Amino acid sequence: MAFSRRDFLSTAVMGAVSLRLEGEDRKKPGPDKAEAASAGKRPIIISAANGFDYLNDAFAFLKDGGDTLDAALKVVQGPEDDPNDDSVGLGGLPNEEGVVELDSCCMHGPTRRAGSVGGVRNIKNVSLAAKAVMEHTGHVMLVGEGAERFAVAQGFPRENLLTEHSRKIWLLWKETHSDWWGPGLSSPEWHRRLPAAPHADDFERRIERLKQVAAEIGIEPEQRMLAIRKVLFPPTGTIHCSALNEKGDISGSTTTSGLAWKLPGRVGDSPIIGAGCYTDQDVGSAGATGSGEENIKVAGAHTIVENMRHGMSPFDAGMDALKRIVRNYNGDMDRLRYMDMTYYALRKDGVYAGVSLWDGYEPGKPHKIAVHDGTKRLEKTVSLFAGVSQEWPPTPQ
Ligand code: GLY
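Heads up: these notes are all about the structure in this document. Please read all numbers here as calculations on a predicted model, not as lab measurements.

A closer look at unusual backbone geometry
In the segment running from Arg42 into Pro43, the intervening peptide bond is cis, with an omega of 0°. The phi dihedral of Ala299 falls on the positive side, at around 40°, and the residue is not glycine. Here the phi dihedral of Asn330 falls at roughly 50°; this positive angle occurs in a residue that is not glycine. Note that Asn330 resides in the loop between helix H12 (314-328) and helix H13 (333-336). You can call Asn330 exposed: its relative accessible area is 63%.

This is how it looks when you write it as structure tokens:
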């Protein structure tokens, strides 16, 4: 990907300026527009954009009478299996110790069951492990070592999930953002560490230094700016998928490697039934990608489904959940700019919406929702605020 230093600086520095100018509650484009865009066809599958490549198979399966949860799992398993998607499953960005820890949950509408696993190591398809918890235990949620042992007992292979690609980006983070890693004082490679809180003038120097360390680690030149972005703005990745068939059966699944460089044991919103995913056969299904900590506090997916139950459109239901996040910060834009959230909402009649807190993570790359209702497509989500988010931690300007 072509991503020049100028582009990066525009993203990181100018983005902050534009937020202050534009970061106001955007006038809603109107639910009518959002409703018109979502035709209300069945069957239908909606997912995060990284599910796009896997929609055809899942849609054909659903159309042939396949189960709605299995259809959703076919979509999310794609990025789980893909070592190049570093936000989910194999190749996911690891925790601060360099260990990949995965989270997932699912809900099966027709039988009103749920399953979840959190903080799981060494198991690639945690979406399927969550389904196994649902089908083969009397519990709903297993975490950590117990979840891993359960998955192995169920026949899931133990695998090393850390790819070279993700290990090198983690190393870049580790060498530049932690205290004791990197060459020591006695090494000819020793360099004075960057100031902890650089001023605006230091920012370019900081990027130059990161590029130098990235080169030393062996990150390919065309990957360096992408890696640096992930170091400065740790991503949350994630995929959600909801599937609805002609009969009105509906299910959902969400899976993730979670926030990059997180503390070991940190569990985000994705395995939390009601936050990362919620499905009610009578109403619809919803899921989330973005800042997990914020979504847990508003029980986003459950809030959306309950809003729909009480008559809101999927669009209004999603916007309301976003506004609850804003309310938790009393509308403080200096903090809200460091988080982001995208909600995917699918009502039982096939009407859907994709809404986001911000336009995207970086300029020119809007958040999108992938849809298949006979026609496969990507659509921009409607955002509450204009501008791009900068994920936590803030890079001092
Ligand atoms: N939404 C994914 C996470 O925060 O872990």
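With respect to the packing of helix H11 (residues 300-309) against H12
Running from N to C, H11 and H12 cross one another at 140°; their axes reach a closest spacing of 8 Å. Between H11 and H12, the interaxial angle falls into the category oblique. When the axes of H11 and H12 are compared, the crossing they make is right-handed. Between H11, through Gly300, Thr303, Ile304, Asn307 and Met308, and H12, the contact on the second element is made entirely by Pro314, Ala317, Gly318, Asp320, Ala321 and Arg324.

Examining the pairing of strand S8 (residues 284-290)
Of all seven residues in S8, seven are buried, a share of seventy percent or more. Alignment of strand S7 (residues 277-280) against S8, held across four bridges, turns out to be antiparallel. Counterpart to Tyr278 in the pairing with S8 is Ala286. Connecting the antiparallel pair S7 and S8 is a turn made up of three residues.

Thresholds, definitions, all that
Numbering of residues starts from 1 in each chain and follows the order in which that chain's sequence is written. Totals for whole chains, interfaces and linings use every residue, but because this is a predicted model, local features are given only for residues with pLDDT of at least 70 and side-chain atom pairs only at 80 or more, for both listing and counting. As a convention, hydrogens and water are excluded, and side-chain values are obtained from all of the structure's heavy atoms. For the purposes of this entry, the term helix denotes a DSSP run of H or I that reaches at least four residues, the term strand denotes a run of E that reaches at least two, and both are numbered from the N terminus. Each residue gets one of three labels from its accessible area relative to the maximum for its type: buried under 20%, exposed over 50%, partly exposed in between, using a 1.4 Å probe on protein chains only. Only the contacting stretch of a helix is used when fitting its axis, a line to C-alpha atoms as for every element, and angles between N-to-C directions run 0 to 180 degrees. Relative orientations are named as follows: roughly parallel for angles under 35 degrees, roughly antiparallel for angles over 145 degrees, roughly perpendicular for angles from 65 to 115 degrees, and oblique for any other angle. Handedness of a helix crossing follows the sense of rotation of the near helix relative to the far helix, less than a right angle counterclockwise being left-handed and clockwise being right-handed. Contacts are residue-level and defined by heavy atoms, with any inter-residue pair within 4.5 Å sufficient. Strand pairing is assigned whenever DSSP identifies at least 2 bridges connecting the two strands.

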